[in-house]
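What the coordinates show
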Amino acid sequence: MAYCKLSLILLLSVLACTITFNSGMVHCYGVMSVDLGSEWMKVGLVAPNVPMDLVLNDQSNRKTSMAIAISNGERFIGDAALDVAIKYPDRTFTYFLDLVGKSLNDESVKQYKQKFPYADISSHEPNSTSIILNHPEGASFTPLELVAMMLQLARDQVLNRLGTHEQISDVVITVPPFFNSIEKKVVRDAANLAGLNVLRFTQTNAAFALSYGIFRHKDYLPENSDNKTSIIFFDQGATHTSVTVADYHMIEQVDPVTFASKNESLPTVTIRAQVYDRFLGGFDMQLRLRDHLIQAFCKETKTDPERIYKRGRSFSKVLKEAGRVKRVLSANTDFLVRIENVIDDKDLRFPITRKDLEDMNDDLLTTRITQLLDKLFEQPEVSRDERFESVIIVGGNTRTPRVQQILLDYFKLDSLGKSVNADEGAALAALYQAASLGRGFRVKKFALEEYGEERLRYDPAKVIVTTTTPAPPTTEEPATTTTAPETTQPTESPELDVGATTAQPNETTQTSTTEEPTTTTTTPAPIVTTTPDPEAIYSQSELDRIGKKLAMMREDDFTRLQRLLELNRIELDEIENERKASEKGTEGESSEEKPPESAAEVGADKEEKKSEEEIKRLEL
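Reference entry: report on the structure contained in this document. (Residues numbered from 1 in each chain as written. Predicted model: local features only at pLDDT ≥ 70, side-chain atom pairs only at ≥ 80, totals over all residues. Heavy atoms only, no water.)

The geometry of helix 2 (residues 79–87) relative to helix 9 (residues 312–329) is characterised by a closest axis approach of 6 Å and an angle of 125 degrees between their N-to-C directions. The angle between helix 2 and helix 9 places the two elements in the oblique class. Seen from helix 2, the contacting residues are A85, I86 and K87; seen from helix 9, they are R313, S316 and K320. Among the residues making up the contact of helix 2 with helix 9, the classes are represented as 2 nonpolar, 1 polar and 3 charged. (Axes fitted to C-alpha atoms, helices over the stretch in contact; angles between N-to-C directions. Helix = DSSP H or I, 4+ residues; strand = E, 2+ residues; numbered from the N terminus. Parallel < 35°, antiparallel > 145°, perpendicular 65-115°, else oblique. Contact = heavy atoms within 4.5 Å. Nonpolar A, V, L, I, M, F, W, Y, C, P; charged D, E, K, R; others polar.)

As structure tokens, then:
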């Protein structure tokens, strides 16, 4: 219901369009959001005549798998890549968002190799601060390239949804709360390669907090009020878990120049504290269930477990079924696992209960979640004695009953808050931000202060008082022989982007007025040196090379698609010709005594058949 209201707000907003008078064209801008997760990607869109909602992919799903597969020179992205992963897991890249901005010795890379023993990862020489994932067919890809491919797919989905030639590039991207500036820089470079302009990055936990507060700002009190609204958000996804404390209040707006009050207050959500465990998620439970099923199968059939781990097809079969069983046990207390032909034409039939799943993951569910909650209250900003309005659960793995029971017992609650869409809330909140920051819409303002961000607060002691003093009266003085040097300035100062390289004036003119003729001295242009970005892992030449590589892959995909369409057309023509030949033979046998047709009738029949074939060809 809340998101229906949000769509209504955006639909009733004033749409700003740019009119190009020379061409007489009107360009209306849409914006998009991308919720980048370890397992899924969700894409949002709002544009003229398009209500705010998530974009469906080719399979009509509201989320797309973060997976890329290359088999026999053909590339598969998204859900299609998972079909390849069943037979050829070593040809498929999944969960690669955890590798962004990492070196070979990073703990995330070591954890990735343990989860996927068939992964071939090496250092990206000569750039040892990054890694490459090697493909068995000889290709290699950096995490930057894989993320860029997913963002290209997101942009294609948006353009297919619009069905027009309007170009959309403005986007807000959500990232995990533990992403540092280097990891964000890699994602920004990937977005630029995909043709996207990143308006801002939003942490996933902050996006969920914004999603909750958009419609409740009327109930919020001023910032210094004693009865402030504080919410705890518990987010557990596929690969990481975070706990966040968010405060909702009205903040008085301050002029950024004079620090004076604007006499208006803005509803604001402030992330006061956050803690996270980047190696605790639902996928870890799935891996343990996979190992449990493999051990049960090997014990029953007397098979060496190493054979299954080394045989990619058997390994991925059990892994996929483990994910399905985990989801089923979230709603049922028991289940019978069935896997056909695990290895050597042997099937797996194994009963399992929800208690079995909870027991094998007891240290993940009870111990590590409790330690994370204790860590939250060790923060100086949070006290155990303060009152929290609610504990809201988000993220796919919070559907696990044991996770919910741990939270209920820890906070001594009767129920947990479930008013935020656990799957789509972050993507829709990021889309709201994109509409607020973009060029196309006016929306009701709702400020977001992420953890560590500092906004201006009204302080009477810091207000700069500006007064206008009259100019002193001019007095006639005897003419002097010289005047002060004057430096010519441009009449207009263009707005400059922070961090952008700006051009310096190459000449400074000084004019001296004496009894001698006027002389002009010119100083040489300053030498502008560009310093490398300390947060950049990939050089500009490397980014150019990756951009050309991605463009070639897209061109190959287009050429392959055209070839398939041409082969399909030829096959349909052959089928149609065979059908016509059989019909002609049948008519010849039945009408042997029929008198010959006139030349005019024969010509009319030929023209009719020709027009029918042309219509069919156009339809195909």
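Having seen it, we continue.
Pairing within the open sheet is antiparallel, and its 3 strands lie in the order 8-7-9. Whereas interior strands pair on both sides, the edge strands pair on one side only; in this sheet they are strand 8 (74–77) and strand 9 (92–94). Ignoring strand direction, the axes of neighbouring strands in this sheet form an average angle of 15 degrees. Taken together, the 4 bridges between strand 7 (residues 67–71) and strand 8 define a ladder with antiparallel strand orientation. When the sheet's bridge partners are listed, I70 is paired in strand 8 with R75. (Pairing = 2+ DSSP bridges.)

M32, V34, L36, M41, L151 and I173 are the most contacted members of the largest nonpolar core, which totals 60 residues. The leading source of residues in this core is helix 4 (residues 143–162), at 11 residues. Residue-level mapping places this core at the junction of two domains, with at least three residues from each of domain 1 (31–200) and domain 3 (282–362). Setting aside residues no more than four positions away along its own chain, V34 makes contact with M41, K42, L151, A154, V171, V172, I173 and T174. Residues I231, V420, Y432 and F441 belong to the second largest nonpolar core, which totals 35 residues. (Core = buried A, V, L, I, M, F, W, Y, C linked by side-chain atoms within 4.5 Å. Buried < 20%, exposed > 50% of the residue type's maximum accessible area, 1.4 Å probe, protein only. Domains from an automatic or database assignment.)

Among the secondary structure elements, R272 is positioned in strand 17 (residues 261–277). Residue R272 is classed as buried on the basis of its relative accessible area, which comes to 13%. A distance of 3.2 Å separates the side chain of R272 from the side chain of S230, its partner in a polar contact. Each residue touching R272, except ones within four places of it in the same chain, is listed here: K228, S230, V245, D247, E381, V382, E386, F388 and Y451. (Polar contact = N/O pair within 3.5 Å; in protein donor to acceptor, adjacent residues only side chain to side chain.)

On to the pairing of strand 16 (residues 241–254), then. The element strand 16 is largely enclosed, with a buried count of 11 among its 14 residues. Both strand 15 (residues 229–236) and strand 16 contribute to a ladder of 8 bridges, which runs antiparallel. Across the sheet, F233 pairs through a bridge with T244, a residue of strand 16. Linking strand 15 back to strand 16 in an antiparallel pair, the connection comprises 4 residues.

Turning to the environment of N192, a few remarks are in order. Among the structural elements, N192 can be located in helix 5 (residues 181–193). When the C-alpha positions of N192 and L543 are compared, they lie 9.8 Å apart, and in sequence the two are 351 residues distant.

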